[in-house]
Amino acid sequence: MSQQQQMGGQPMIILGEDSQRMKDRDAQSHNIAAAKAVAESVRSTLGPKGMDKMLVSSMGDITVTNDGVTILEEMDIDNPTASMIVEVAETQEDEAGDGTTTAVSIAGELLKNAEDLLEQDIHPTAIIKGFHLASDRAREEVDNVATEVDPKDTELLKKVAETSMTGKGAELEKDVLAQLVVDAVQAVTVDTDDGETVVDLEFINTETQTGRSAGESELLEGAVISKEPVHADMPTEADDADVLLIDEAIEVEDTDADASLQLDSPDQLQEFIDKEEEQLREKVDAIAATGADVVFCQRGIDDLAEHFLAKEGIIAASRVKKSDLSFLKEVTEATIVSDIDTLDAEALGSADVRFDSDEELFYVEGTGDQPHGVTMLLRGSTGHVVDELERGIGDALDVVAQTVSDGRVLAGGGAVEVEVARRVRDYADSVSGREQLAVEAFADALELVPRVLAENAGLDSIDTLVDLRAAHEDGDEAAGLDVFSGDVVDTFDAGVVESAHAKQQALSSATEAANLVLKIDDIIAADELSTEGDEPEGGAGGMGGGMGGMGGMGGGMGGMM
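Residues numbered from 1 in each chain as written. Predicted model: local features only at pLDDT ≥ 70, side-chain atom pairs only at ≥ 80, totals over all residues. Heavy atoms only, no water.

- Under an unreviewed UniProt entry, the name given to the chain is Thermosome subunit 2, and the organism recorded is Natronomonas pharaonis.

### Quick look at the sheet that holds strand β22 (residues 497-499)
Point 1. The strand order across the open sheet formed by 3 strands is β6-β19-β22, and the pairing between neighbours is antiparallel. Only two strands of the sheet have a single neighbouring strand rather than two, namely β6 (147-148) and β22.
Point 2. Here strand β19 (residues 408-411) pairs with β22 via 3 bridges, running antiparallel. When the sheet's bridge partners are listed, L410 is paired in β22 with E498.
Point 3. Each of β19 and β22 touches helix α6 (residues 154-165); the most contacted strand, β22, lies at about 85° to it. (Pairing = 2+ DSSP bridges. Helix = DSSP H or I, 4+ residues; strand = E, 2+ residues; numbered from the N terminus. Contact = heavy atoms within 4.5 Å. Axes fitted to C-alpha atoms, helices over the stretch in contact; angles between N-to-C directions.)

### With respect to the nonpolar core
Point 1. Ranked by internal contacts, the top residues of the largest apolar core, which has 66 residues, are L72, I85, V104, L111, I127, F131 and L518.
Point 2. With 9 residues, helix α4 (residues 100-119) is the single largest residue contributor to this core.
Point 3. When near neighbours in sequence (up to four residues on either side) are disregarded, V104 contacts V38, A39, V42, L72, I85, V88 and A89.
Point 4. The next biggest cluster of nonpolar side chains, apart from the first, holds 31 residues, and it includes V188, V199, L389 and V497. (Core = buried A, V, L, I, M, F, W, Y, C linked by side-chain atoms within 4.5 Å. Buried < 20%, exposed > 50% of the residue type's maximum accessible area, 1.4 Å probe, protein only.)

### Side note on the sheet that holds strand β10 (residues 218-221)
Point 1. Strand order in this open sheet of 3 strands is β9-β18-β10, and the pairing throughout is mixed. Each edge of the sheet is formed by a strand with only one pairing partner; in this case those strands are β9 (204-210) and β10. Averaged over all neighbouring strand pairs, the angle between strand axes comes to 25°, with direction disregarded.
Point 2. Alignment of β9 against strand β18 (residues 374-380), held across 7 bridges, turns out to be parallel. Bridging from a neighbouring strand, E207 pairs with L377 of β18.
Point 3. Sheet strands touched by helix α7 (residues 174-187): β9, β10 and β18. Its angle to β18, the strand with the most contacts, is close to 165°.

Take a look at the structure:
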């Protein structure tokens, strides 16, 4: 399709033959439909009773999760508007660690409500301004209803961790795992000279093991490395050991270019072999000369070098992951060495090192003046279980760390959304013009959270919302939904506690994304812009009529253009 304009009787071609253009209401409807489809794809995962999604990649890899950002990142989304909404989840994950599903769902609901206002001929600029005013007020009210938390209040922090885990793979053993999370965060929390509390999550490492229950997970001082000694004759433990970290291979150096060697006699072959052995011997002698007791090498170790190291009584592990080597640097206070020729004793760190042959793990506990780092050893029955457990624990660590740094918590279970929505509606009365309708629409969008929590728990969402509103009108700011009993309870007392920072971030990113979509009134595509919404092959119809498919997540999740 080409865009033409008559000028002096001659058509002027503005766009290429294959390009397509969508303007005004068509463009807005297209974009809103795409954004709503993304939001609806993750809504059913929200809350303790949320369902999981099975994601099948084009390679056949399977991921079972209800983590919003994981679902959206794995989906093969081609639609540009949908990709903008996915960025909301990614930003939420980076800034707050949790609340991705909430942020995306609110963004979708804001656009759904905006569509109703557009049909009433309210200009997008007025809606954008109203949403902006409402978002500022909502984040301010979140701060007003938040409760201060002491960074050393272990019980309250444990409730924050449990709330984050509930509904995820970590839920079954959440008492044990929440305690591990809080202990890990407190182990890497420091108070700065200017009175701030800083949590350095880089000093928390995570290792996984299959074949055992999640309740057997442990928090260990130092590092846990899933490797074994490279030689059977090596020792399996060393107390107060000098540790060498090296990212150079302990092997015969390769030639700079491809080369061939022509040998005229067996003596020449033996001379060549002796020369290689001498090179390896020199490398091991250089290591031994520093006094190193343990070597962790990022690259390979030659068989002959392994033998020489074992004769020196040195424990060695090869092919250690780069991330593990960096963590060992913090734990042992060693320097990572890149060249054996420049090696000296100052590069060594210190640690107690033990190899567990049953679990095939190295335990490395720093013994320096200020050893850093703890490791969460997560266990689960299968690989898929452990992967989902790791995602849930990762979110909980982020949320607890943010709570410790930020110092504020909120009542969960939809309590904060209903309370803030009530306060935003009161604020709407002071807003003049058509923006007032947008402020009210924003308040309605906030109440999506308790409605979806109720729906996912098999409860009546309308009755639940009526009961919650009544409780908040009576002054109960912490009244939320207990999805297990279906009752309206004081969720703060019930232990359903959320991070105030995560909630404010969700409101901010959802509003900005919705306003960005609303501001678009013209879509110009270089290729054909599908608007048919045909059902994709492979079942599970398209998720967003009138806008094309949503990409092919293993043939099952539709395609969004």
